[in-house]
Amino acid sequence: MADRADVVFVDGVRTPFGRAGEKGMYWGTRADDLIVKAMIGLLERNPNLPKERVDDVAIAATTQEGDQGLTLGRTAAILAGLPMSVPGYAIDRMCAGAMTAVATTAGGIAFGAYDVAIAGGVEHMGRHPMGGNADPNPRFLAEKLVSGDALNMGMTAERLHDRFPALTKERADRFGMRSQQKVAAAYAAGHIQPDLVPVALRSEQGYGLATMDEGMRPETTMEGLAGLKTPFRPHGRVTAGNASPLTDGATVSLLASADAAKELGLGVKMRLVSFAFAGVEPEVMGIGPIPSTEKALKKAGLSIDDIGLFELNEAFAVQVLSLLDHFGIDDDDPRVNPWGGAIAIGHPLASSGVRLMIQLARQFEQHPEVQYGLTAMCVGLGQGGSMIWENPHYRGGRKGK
């Protein structure tokens with residue numbers, strides 16, 4: 001058996017993320033149209049790629065029903081104009097759907113089965129609320145396998161505050177406020193817009209064009225956050241200000257073997273070093289990225305000090321803070337989410353993993369002194385996912401701290 005092939009992240013794009021629900025900009029837009037729009041944008045940006053060379057298309061969704069069902073990878077491939085010879089499939093690992101789509105297709109590339117693959121995710125949380133028509137097995141509760149509220153993500157975040165008293169509401173609020181400020185600064189600097197694919201909108205007000213994320217609140221203050229309701233329990237600590245909002249959106253990436261990228265004249269934004277997934281108690285799913293990151297670091301032969309940039313999914317501020325505390329990283333460490341995160345941008349469940357990669361790839365271009373970066377996220381039902389990437393622009397210098 002030949003050595004595994006090097007897997008590279010050629011490119012990634014996403015739709016702007018919209019607020020879920022009737023008032024959100026995508027209320028009148030189909031979920032499959034969002035992912036198709038993103039795929040067309042990706043293909044247009046990479047004209048060197050012969051479409052018939054795509055070996056597989058993996059598209060994730062958490063709630064696979066209606067316009068978000070029907071083997072999305074295959075249907076989206078057809079709708080995006082790929083040849084009928086290109087296969088595709090759907091994938092579900094809740095919040096880590098797109099990350100798993102990348103990991104799974106990357107495994108196919110490393111094995112030598114694929115040269116080129118497309119991986120991404122979509123979530124229309126307005127049309128398809130999390131857990132929509134799911135029917136959890138009664139054994140979960142009858143046999144006390146999980147607590148009754150383990151599927152309530154807000155309650156799992158409250159439990160992290162309970163378990164780790166150092167994770168205070170004030171720290172979570174400050175992290176949420178900083179996320180809003182950092183996203184606003186990144187938009188002002190033009191960092192985020194290059195990877196957004198505009199989406200045509202239709203509503204009762206007429207036609208429009210989505211060109212930026214909808215839910216941002218750059219004017220957020222600590223005083224304002226302190227007064228927000230705690231919907232998950234009385235006098236709780238999780239609020240709308242320190243958690244990601246319900247969101248609609250799609251992301252997609254182009255992966256290839258290093259050899260295929262060279263052959264086809266495709267750019268290389270990142271090289272995949274390692275990935276890992278891990279399980280934890282569903283009641284405290286927010287700590288999931290801790291063991292998955294430790295696993296990924298071990299597989300890569302690296303330590304946390306080697307990581308020069310972190311893109312951590314801000315499902316809840318407390319969840320990111322739990323990982324930072326575990327690894328001894330300051331809340332305000334400039335390596336962590338330098339352009340903010342999901343608290344401001346939104347977290348359309350299965351699509352968020354590739355958003356992290358898109359941002360890390362851009363930051364790699366700006367930081368040739370950084371060799372390695374991490375994308376990591378917590379996952380519903382008690383899991384974590386982590387991927388370590390190498391910067392192709394690395395010119396020596398500091399690795400991490």
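This is a predicted model, so every value here is computed, not measured.

Chemist: Can you lay out a nonpolar patch on the surface for me, pointing to particular residues and giving the numbers?
Modeler: On the surface, Phe-140, Leu-141 and Leu-145 cluster together into a nonpolar patch covering about 280 Å² of accessible area. Taking relative accessible area as the criterion, Leu-145 reaches 46% and is therefore assigned partly exposed.

Chemist: Which residues make up the pattern of salt bridges, and what values do they have?
Modeler: What the rule picks out here adds up to 22 salt bridges. In this structure, the salt-bridge partner of Arg-45 is Asp-195, at a minimum N-O distance of 2.9 Å. One end of the pair, Arg-45, is in helix H1 (residues 31-45); the other, Asp-195, is in the loop between helix H6 (169-188) and strand E6 (199-203), and 150 residues separate them in sequence. Classification of Arg-45 by relative accessible area gives partly exposed; the value is 31%. Via salt bridges that share partners, Asp-11, Arg-45, Asp-195, Lys-269, Arg-362 and Glu-365 belong to a single interconnected network.

Chemist: Explain the pairing of E6 to me, and be specific about the residues and the numbers.
Modeler: As paired strands, E6 and strand E7 (residues 206-210) are joined by 5 bridges and run antiparallel to one another. Paired with Val-199 across the bridge in E7 is Ala-210. Hairpin connection from E6 to E7: 2 residues lie between these consecutive antiparallel strands.

Chemist: Lay out the packing of aromatic side chains in plain terms, naming residues and giving numbers.
Modeler: Applying the stated criterion across every chain, the model contains 2 aromatic pairs. Each ring, one from Phe-9 and one from Trp-389, has its centre 5.8 Å from the other, and the planes form 80°; the classification is edge-to-face. Taken as a pair, Phe-9 in strand E1 (residues 7-14) and Trp-389 in strand E12 (residues 383-390) lie far apart in primary sequence, 380 residues in all. Just as Phe-9 is buried, Trp-389 falls in that class too. Lying over the aromatic face of Phe-17, Arg-14 brings its terminal NZ or CZ to 4.5 Å of the ring centre. Sitting over the ring of Phe-277, Arg-93 keeps its end group 3.8 Å from the ring centre.

Parameters at a glance
Residues numbered from 1 in each chain as written. Predicted model: local features only at pLDDT ≥ 70, side-chain atom pairs only at ≥ 80, totals over all residues. Heavy atoms only, no water. Patch = residues over 30% accessible without salt bridge, like charges linked within 9 Å, V, L, I, M, F, W, Y side chains within 5 Å. Areas by Shrake-Rupley, 256 points an atom, 1.4 Å probe, with all protein chains shown as cover. Salt bridge = Lys/Arg side-chain N within 4 Å of Asp/Glu carboxyl O. Buried < 20%, exposed > 50% of the residue type's maximum accessible area, 1.4 Å probe, protein only. Helix = DSSP H or I, 4+ residues; strand = E, 2+ residues; numbered from the N terminus. Pairing = 2+ DSSP bridges. Phe/Tyr/Trp six-rings, centres within 6.5 Å; stacked < 30°, edge-to-face > 60°. Lys NZ or Arg CZ within 6 Å of the ring centre and 35° of its normal.

Treat this as a map of the structure, not an account of what it does.
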